[in-house]
Structures are given as C-alpha cells and as structure tokens.
Amino acid sequence: MNWSNRAACLDEDPELFFPISVEGPSRSQVEKAKKICHRCPVREACLSYAIDTRQAHGVWGGTDPAQRRELSLLPTPPP
C-alpha cells in the first residue's frame, strides 16, 4: 500500500472516514470525508484497494459502502 503514504487523509482524523452511519447526522461527516477524497492524488488506488479487499465500512476513494457495492457489481470490461 505505498499509495497510502500520499493520501490526502493522512493528516485527518480517521474517525471522520468511519462514521457510525451514512445516514442522519452522520451524513455531513460522510460528505466531508468524500470532499477530502475528491482532492486526493491516490483516490483511484484507494478505491481499487477498498473494492478488491471488500471494505464493508468507511469512506474509501470517495465512496461509501453502498457505492462500492454498486461498483463491484458492474461487469469488468474486456481487455
């Protein structure tokens, strides 16, 4: 995970990326985490890692768990 050393979230509170829920009052926390991800230079690597390792919780690569589940259901394009 060499990419993680360049992540925009390194200096942020890790709790921000792992809210209790993605709904209700925690929604603003999720949105704040996603904004940090959107300016991250390693966002794609982070998202790939989260999908490949089936991360069920937290904000990874600018996505919440439901978004990652949706992305993982998409067919892989042929080479």
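Scope of this entry: the structure provided in the associated data block. Please read these numbers as outputs of a predicted model, since none were measured by experiment.

About the thresholds
Residues numbered from 1 in each chain as written. Predicted model: local features only at pLDDT ≥ 70, side-chain atom pairs only at ≥ 80, totals over all residues. Heavy atoms only, no water. Helix = DSSP H or I, 4+ residues; strand = E, 2+ residues; numbered from the N terminus. Expected span 1.5 Å × (residues − 1). Buried < 20%, exposed > 50% of the residue type's maximum accessible area, 1.4 Å probe, protein only. Arc of directions from axis to C-beta. Contact = heavy atoms within 4.5 Å. Salt bridge = Lys/Arg side-chain N within 4 Å of Asp/Glu carboxyl O. Core = buried A, V, L, I, M, F, W, Y, C linked by side-chain atoms within 4.5 Å.

1. Re helix H1 (residues 27-38)
The terminal C-alpha atoms of H1 lie 16 Å apart, and with 12 residues this matches the ideal 16 Å at 1.5 Å per residue to within 8%. For H1, the complete set of buried residues consists of Val 30, Ala 33, Lys 34, Ile 36 and Cys 37. For H1, the arc enclosing every buried residue in end-on projection is 155 degrees, short of the 170-degree limit, so these residues lie on one face. Projecting away from the buried face of H1 at angles above 90 degrees are the exposed residues Ser 28 and Lys 35. Elements that come into contact with the buried residues of H1 comprise helix H2 (43-52) and helix H3 (65-73).

2. A few points about the environment of Arg 27
Turning to its location among the elements, Arg 27 is positioned in helix H1. Along the sequence, Arg 27 and Gly 61 sit 34 residues apart, while their C-alpha atoms lie 17 Å from each other. Look past the residues within four positions of Arg 27 in its chain and what remains in contact with it is Val 22, Lys 34 and Asp 64.

3. Focus on the pattern of salt bridges
Applying the stated criterion across every chain yields a total of three salt bridges. Put simply, Arg 39 and Glu 12 hold a salt bridge, and the shortest N to O gap is 3.7 Å. Note that Arg 39 is positioned in the loop between H1 and H2 and Glu 12 in the segment before H1, a separation of 27 residues in sequence. Classification of Glu 12 as partly exposed rests on a relative accessible area of 27%. Salt-bridge contacts for Arg 27 lead to Glu 31; the nearest nitrogen and oxygen are separated by 2.8 Å. With Arg 27 and Glu 31 both in helix H1, this residue pair falls four residues apart, about one helical turn. Relative accessible area serves as the criterion here: at 33%, Glu 31 is assigned to the partly exposed category.

4. A look at the nonpolar core
Residues Leu 16, Phe 17, Ala 33, Ile 36, Cys 40, Val 42 and Val 59 are the most contacted members of the largest nonpolar core, which totals 15 residues. Of all elements in the fold, only H1 and H2 reach the threshold of two or more residues within this core. Non-local contacts of Phe 17, meaning those with residues more than four positions away in its chain, are made with Cys 9, Glu 12, Ala 33, Ile 36, Cys 37, Gly 58 and Val 59.

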